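# Coordinate analysis (summary)
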Amino acid sequence: MDSVVWSKPESERPGTPLLVMLHGYGTSEQRMANLFPHLPGEFTCAALRGPKIIGDGHGWFLLDYFLTNDFADVITSTNRVFDWINSAKGDHSSVCLLGYSQGMAMASTLLRLRPKEFAATVGLSGFVMDNDLLGLSESFDTPPPFFWGRDKADPVINQDAIAHTKEWLNANTALTARTYPGMGHRIEQAELVDVSAFLKYYALNQRI
């Protein structure tokens, strides 16, 4: 990836679980790096920058309000993230994913293509892509743990996308779903408390 912000210096990363963080559309890796202090200190967090230039920020693939996209564009970005994960994961005890907004679409796509590679996945204020090719290729021996956090009144993610996301997550994952009234299309402290507990439970085996 062109830019990665780490939560720990290189000397402190070996043996820790890796949390790969994927930002939203038109923002940057710094948006996710701002969350580092609110996530479990046992993790090494890595905030990646999307390859597409979107206004003054970045994204993972082009899309419009209806969340239509070029699937070839999605797969190109997905493969770039996989290449980066492959280069980094050898130093870590496990790999988890956290995606916000469009980053949730990326995180869930990574999970769908290689479900055995990830200890847990977190999606915040985002969506799961509705794509027939992905549906044909995915196969989960065991439902993977997935945390989905959002505000039911989120003004950015349209209701058709929410309906598909809810249906897919309930059918395919071991889902922990939480809603946060009044949060809007943001990430707030109460949500991060729940995310931290979820990550500790599944990646650190801390049954709290």
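Overview of the structure.

Definitions and cut-offs
- Residues numbered from 1 in each chain as written.
- Predicted model: local features only at pLDDT ≥ 70, side-chain atom pairs only at ≥ 80, totals over all residues.
- Heavy atoms only, no water.
- Helix = DSSP H or I, 4+ residues; strand = E, 2+ residues; numbered from the N terminus.
- Expected span 1.5 Å × (residues − 1).
- Buried < 20%, exposed > 50% of the residue type's maximum accessible area, 1.4 Å probe, protein only.
- Salt bridge = Lys/Arg side-chain N within 4 Å of Asp/Glu carboxyl O.
- Pairing = 2+ DSSP bridges.
- Right-handed = clockwise from strand over helix to strand, strands pointing away.
- Polar contact = N/O pair within 3.5 Å; in protein donor to acceptor, adjacent residues only side chain to side chain.
- Contact = heavy atoms within 4.5 Å.
- Phe/Tyr/Trp six-rings, centres within 6.5 Å; stacked < 30°, edge-to-face > 60°.
- Lys NZ or Arg CZ within 6 Å of the ring centre and 35° of its normal.

### Considerations on helix H2 (residues 71–88)
Spanning 18 residues, H2 covers 26 Å between terminal C-alpha atoms, matching the ideal 26 Å at 1.5 Å per step. Those residues of H2 not exposed but buried are Phe71, Asp73, Val74, Ser77, Thr78, Val81, Phe82, Trp84, Ile85 and Ala88.

### Side note on unusual backbone geometry
Positive phi is not limited to glycine here, since serine 101 has a value of about 55°. Within the fold, serine 101 resides in the loop between strand S6 (95–100) and helix H3 (102–113). A residue is classified by how much of its surface remains accessible, and serine 101, at 8% relative accessible area, is buried. Although it is not a glycine, serine 125 sits at a positive phi angle of roughly 50°. Structurally, the position occupied by serine 125 is in the loop between strand S7 (120–124) and helix H4 (132–137).

### Let's talk about the environment of valine 81
Along the polypeptide, valine 81 turns up in helix H2. We classify valine 81 as buried; its relative accessible area is 0%. C-alpha separation for the pair valine 81 and leucine 110, spaced 29 residues apart in sequence, amounts to 8.4 Å.

### Some points on the pattern of salt bridges
Taken as a whole, this structure holds 6 salt bridges when the rule is applied. The closest approach of N and O atoms between glutamate 29 and arginine 49, which form a salt bridge, is 3.0 Å. With glutamate 29 in helix H1 (residues 29–33) and arginine 49 in the loop between strand S3 (44–48) and strand S4 (52–54), this residue pair connects regions lying 20 residues apart in the sequence. Residue classification places glutamate 29 among the buried residues on the basis of a relative accessible area of 6%. Here arginine 49 falls in the partly exposed class, since its relative accessible area comes to 27%.

### Observations regarding the pairing of S7
In summary, the side chains of a regular strand alternate between the two faces of the sheet. Within S7, 5 of the 5 residues are buried, which leaves it mostly tucked inside the rest of the structure. Neither face of S7 is left uncovered, since the one carrying Ala120, Val122 and Leu124 and the one carrying Thr121 and Gly123 both have all their residues buried. Two elements, S6 and S7, share 5 bridges in a ladder whose sense is parallel. Opposite cysteine 96, over in S7, you have alanine 120 as the bridge partner. One crossover worth recording links S6 to the parallel S7 by way of H3, and it is right-handed. Relative to strand S8 (residues 145–150), S7 runs parallel, the two being bridged by 4 bridges. The residue bridging threonine 121 from the neighbouring strand is phenylalanine 146, located in S8.

### A short note on the pairing of strand S2 (residues 18–22)
In terms of burial, S2 is a largely internal element, 5 of the 5 residues being buried. The two faces of S2 match: Leu18, Val20 and Leu22 on one face and Leu19 and Met21 on the other face are all buried. Of the pairings in the sheet, the one linking S2 to S3 comprises 5 bridges and is parallel in character. Each bridged residue has a counterpart across the sheet, and for methionine 21 the counterpart in S3 is alanine 47. With 5 bridges connecting them, S2 and S6 associate as parallel partners. Each residue of the ladder has a partner; that of leucine 22, found in S6, is glycine 99.

### So, the side chain of glutamine 102
Along the chain, glutamine 102 falls in helix H3. Engagement of the side chain of glutamine 102 in a polar contact is seen with the backbone nitrogen of tryptophan 60, the distance being 2.9 Å. In contact with glutamine 102, not counting residues within four places along its chain, are His23, Gly24, Tyr25, Gly59, Trp60, Phe61, Leu63 and Phe127.

### Quick look at the packing of aromatic side chains
For the coordinates displayed, the defined rule picks out 5 aromatic pairs. Arranged with centres 5.7 Å apart and planes meeting at 55°, the rings of phenylalanine 147 and phenylalanine 198 form a pair that is tilted. Within this pair, whereas phenylalanine 147 is found in strand S8, its partner phenylalanine 198 is found in helix H6 (residues 189–203), the two being separated by 51 residues in sequence. Judged by relative accessible area, phenylalanine 198 falls into the buried class, the value being 5%. Ring geometry for phenylalanine 198 against tyrosine 202: centres 4.9 Å apart, planes inclined by 55°, an arrangement best described as tilted. One end of the pair, phenylalanine 198, and the other, tyrosine 202, are both in helix H6, 4 residues apart, so they sit about a helical turn from each other. Accessibility expressed as a relative area gives 34% for tyrosine 202, which makes it partly exposed. Among the aromatic residues, those joined into a cluster by ring pairs are Phe147, Phe198, Tyr201 and Tyr202. Its end group placed over the ring of tyrosine 100, arginine 31 keeps NZ or CZ at 5.3 Å from the ring centre. Seen from the ring of phenylalanine 82, arginine 114 lies directly overhead, with NZ or CZ sitting 3.8 Å from the centre.

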